[in-house]
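Chain by chain, the residues:
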Amino acid sequence: MENQPCGDMNTFNVQHGYSEALIRGYKSGFLTENEYRHITQCENLEDVKLNLQETDYGNFLSEEQPPLLPSTFRRCALKKLANEWTFMRAQATQPLAQMMDFTSYEFMIDNIILILKLAISNPSISLKELEEECNPLGMLPDHIMRAIASFENTPKGFQELFQIVLIEIPVGKYFCRYLDEQTENHMLHGAKLVKSLLEDSSIALMEQGVKKYYLEDFYYWTQAQGGYTAEMMGEILKTKADTMAINLILNSFNTVYNDPKLRNIRHSLLPSIGFLYPEGVEPLNNCEDVDSLGRALDKYWVYKRVFETAIQGEQMSVDDAFYLNEVRLLEGGFDSQFHLACYYCYCHLKLQEIRNLTWICECIVQKQRGKIEKYIPIFSPNAAWRHGKLGI
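Everything numeric in this text was worked out from a predicted model, so none of it was measured.

### Side note on the nonpolar core
Side chains of nonpolar character tend, in soluble globular proteins, to be buried together.
Reasoning step 1: Ranked by size, the top nonpolar core spans 119 residues in total, and within it Val48, Leu52, Phe73, Val171, Tyr174, Phe218 and Leu293 carry the most contacts.
Reasoning step 2: Ranked by residue count, the leading element in this core is helix α18 (residues 341–365), at 15 residues.
Reasoning step 3: Once residues lying within four places of it in the same chain are set aside, the contact partners of Tyr174 are Phe102, Tyr105, Ile109, Val210, Tyr213, Tyr214 and Asp217.

Next up, the structure:
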């Protein structure tokens, strides 16, 4: 697809004015500090439901039968977000439409990996059960979900699976690049290779490799757009790539991939973008334990703080530390106009709000009142980073 400029102060609103008005309107629907306070004081999930009816969520649980569960809130909130996203996508013109598609590709990859895992562990799982597990932001057509879920453990079955993933869905090119790296001629040996990957329980490696290619492709596309879009999305996606790389190394310490002879495998999965790239990648890949990881991150003040607080100090989880840093960057996407970054930012900030809501519901159900405040509010005037502190 030929790149089309998204415009500037003089021309942006010609193509994207209505869409930007929509996203700015949806932004006003994030839960406020007062609304969070009311929700955290609820005694049960029915009370949470009543409190949310007074917010932008409205009657999003109206079709759900009791008893309500935290997973019910998450599923319905994701469905509401997906409906909003679909509506905005229908109004979008290029290059905004491609930007929104790129944003959805991440969830599409997640869904494919999830379907493969579920289908292998539970071959009798139904299509309805799969749909309930999948993220609606990256929903696949029914016939593709059914084909992935019901593949046969035969060469022909794996060949059909291979063809579906590589040809019939937009993210197939990322799976193709990953599989191409595993063999000299993936079209000849594709079915055999896919079967080997699944039998060897290497789906986690496939997920990492596919997401690496997706992230790099998304990054270079945003840079081609230029202007504020390139500047803001560049920082967000490079930080996301660094987060992926650090988590990969951290999670590999107790696996065979920490062996010096196998570190080339994890090195091949590290993104070739980010603030750590290129000079920080080799030291990161050479880390053999938590202490050496801390030394490798010492030059990068944000990641050094994440290491000291979450990895070494355990004051918060590693995921929460990275989420907190991500929210800081995502909120910045709404500080200026005439760019496409705010659409990506809205989607991921809303996902963080859904994680907050799920966490609060879990704490209420499990009667863990002491932990209920450990959520990350969105657009909070009291956020640490608004007062010159990182907050991690």
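### Side note on the packing of aromatic side chains
Reasoning step 1: Under the definition given, this model contains 16 aromatic pairs.
Reasoning step 2: Judged by centre distance (5.6 Å) and plane angle (70 degrees), the rings of Phe30 and Tyr346 are edge-to-face. Of this pair, Phe30 sits in the loop between α1 (12–27) and α2 (33–40) while Tyr346 sits in helix α18, and the two are 316 residues apart along the sequence. For the residue pair Phe30 and Tyr346, the accessibility class agrees, reading buried in each case.
Reasoning step 3: Geometrically, the ring pair formed by Phe60 and Phe73 is edge-to-face, given 6.4 Å between the ring centres and 65 degrees between the ring planes. Of this pair, Phe60 sits in the loop between α3 (45–52) and α4 (70–91) while Phe73 is found in helix α4, placing the two residues 13 residues apart along the sequence. For the pair Phe60 and Phe73, a shared accessibility class is recorded, and that class is buried.
Reasoning step 4: Grouped by ring-pair contacts, the aromatic residues Phe102, Tyr105, Tyr174, Tyr214, Phe218, Trp221 and Tyr344 constitute a single cluster.
Reasoning step 5: It is Lys80 that lies over the ring of Tyr57; its NZ or CZ is 5.6 Å from the centre.

### Some thoughts on the environment of Thr32
Reasoning step 1: Considering the arrangement of structural elements, one finds Thr32 in the loop between α1 and α2.
Reasoning step 2: C-alpha separation for the pair Thr32 and Phe379, spaced 347 residues apart in sequence, amounts to 8.0 Å.

### A few points about unusual backbone geometry
As a rule of thumb, non-glycine residues mostly have phi less than zero, and peptide bonds are mostly trans rather than cis.
Reasoning step 1: The amide bond that connects Pro66 to the next residue, Pro67, takes the cis arrangement and shows omega of 5 degrees.
Reasoning step 2: Relative to the elements of secondary structure, Pro67 occurs in the loop between α3 and α4.
Reasoning step 3: Residue Gln94 is joined to Pro95 through a cis peptide bond whose omega torsion reads 5 degrees.
Reasoning step 4: The residue Pro95 is located in the loop between α4 and α5 (96–121) in this model.
Reasoning step 5: The residue Lys367 is not glycine, and still its phi comes out positive at about 55 degrees.

### So, α5
Reasoning step 1: Compared with the 38 Å implied by 1.5 Å per residue over 26 residues, the 38 Å span of α5 between its first and last C-alpha is a close match.
Reasoning step 2: A bend of about 25 degrees at Ser104 is the largest found in α5.
Reasoning step 3: With 21 of 26 residues buried, α5 lies mostly within the body of the structure.

### Observations regarding the packing of helix α17 (residues 318–331) against α18
Reasoning step 1: It is the contact of α17 with α18, at a shortest axis distance of 9 Å, that shows an interaxial angle of 140 degrees. Classified by the interaxial angle, the pair formed by α17 and α18 is oblique. The chirality of how α17 crosses α18 is left-handed. Between α17 and α18, the contacting residues are Tyr323, Glu326, Val327, Leu330 and Glu331 on the first element and Tyr344, Cys345, His348, Leu349, Gln352 and Arg355 on the second.
Reasoning step 2: Considered class by class, the residues forming the contact of α17 with α18 number six nonpolar, two polar and three charged.

### With respect to the pattern of salt bridges
Reasoning step 1: Per the stated rule, a full pass over the model turns up 15 salt bridges.
Reasoning step 2: Among the ionic pairs, Arg89 bridges to Asp101, the shortest N-O distance being 2.9 Å. Of this pair, Arg89 sits in helix α4 while Asp101 is found in helix α5, placing the two residues twelve residues apart along the sequence.
Reasoning step 3: Here Asp217 and Lys173 are joined by a salt bridge, their closest N and O atoms 3.3 Å apart. Of this pair, Asp217 sits in helix α11 (residues 203–225) while Lys173 sits in helix α9 (residues 172–182), and the two are 44 residues apart along the sequence.
Reasoning step 4: For Asp217, a relative accessible area of 24% corresponds to the partly exposed category.
Reasoning step 5: A relative accessible area of 42% means that Lys173 is categorised as partly exposed.
Reasoning step 6: One salt-bridge network, held together by shared partners, links Asp110, Lys117, Glu207 and Lys211.

### Topic: α2
Reasoning step 1: All buried positions along α2 are accounted for by Tyr36, Ile39 and Thr40. Down the axis of α2, the smallest arc covering the buried residues is 95 degrees, so these residues share one side.

### Looking at the confidence of the model for the protein
Reasoning step 1: Confidence along the protein averages 87 in pLDDT terms, with 87% of residues attaining 70 or more.
Reasoning step 2: Summarising per-element confidence for the protein, the mean pLDDT is lowest in helix α10 (residues 186–199) (49) and highest in α18 (97).
Reasoning step 3: The low-confidence segment residues 185–191 (pLDDT under 50) makes 13 contacts with residues lying over four places distant or belonging to another chain.

### Considerations on the environment of Gln223
Reasoning step 1: With respect to the helices and strands, the residue Gln223 is situated in helix α11.
Reasoning step 2: When its relative accessible area of 29% is taken as the criterion, Gln223 is described as partly exposed.
Reasoning step 3: In this structure, the C-alpha to C-alpha distance between Gln223 and Gly234, residues eleven residues apart in sequence, is 6.9 Å.
Reasoning step 4: Residues within four places of Gln223 in sequence aside, it is in contact with Ala230 and Gly234.

### Details of the state of the cysteines
Reasoning step 1: For the structure on display, the rule yields zero disulfides.
Reasoning step 2: Cys42 takes part in no disulfide bond, and the closest cysteine sulfur, belonging to Cys361, lies 8.7 Å away.

### Quick word on the side chain of Ser252
Reasoning step 1: Position of Ser252 among the secondary structure elements: in the loop between α12 (227–251) and α13 (263–268).
Reasoning step 2: Here Ile249 takes part through its backbone oxygen, which lies 2.8 Å from a polar atom of the side chain of Ser252.
Reasoning step 3: Here Ser252 is in contact with Tyr257, Asn258 and Arg266, once residues within four sequence places are set aside.

Cut-offs and rules
Residues numbered from 1 in each chain as written. Predicted model: local features only at pLDDT ≥ 70, side-chain atom pairs only at ≥ 80, totals over all residues. Heavy atoms only, no water. Core = buried A, V, L, I, M, F, W, Y, C linked by side-chain atoms within 4.5 Å. Buried < 20%, exposed > 50% of the residue type's maximum accessible area, 1.4 Å probe, protein only. Helix = DSSP H or I, 4+ residues; strand = E, 2+ residues; numbered from the N terminus. Contact = heavy atoms within 4.5 Å. Phe/Tyr/Trp six-rings, centres within 6.5 Å; stacked < 30°, edge-to-face > 60°. Lys NZ or Arg CZ within 6 Å of the ring centre and 35° of its normal. Expected span 1.5 Å × (residues − 1). Bend = angle between axes of the 7 residues up to and from the residue. Axes fitted to C-alpha atoms, helices over the stretch in contact; angles between N-to-C directions. Parallel < 35°, antiparallel > 145°, perpendicular 65-115°, else oblique. Left-handed = near helix turned anticlockwise from the far one by under 90°. Nonpolar A, V, L, I, M, F, W, Y, C, P; charged D, E, K, R; others polar. Salt bridge = Lys/Arg side-chain N within 4 Å of Asp/Glu carboxyl O. Arc of directions from axis to C-beta. pLDDT = per-residue confidence, 0-100. Disulfide = S-S within 2.5 Å. Polar contact = N/O pair within 3.5 Å; in protein donor to acceptor, adjacent residues only side chain to side chain.

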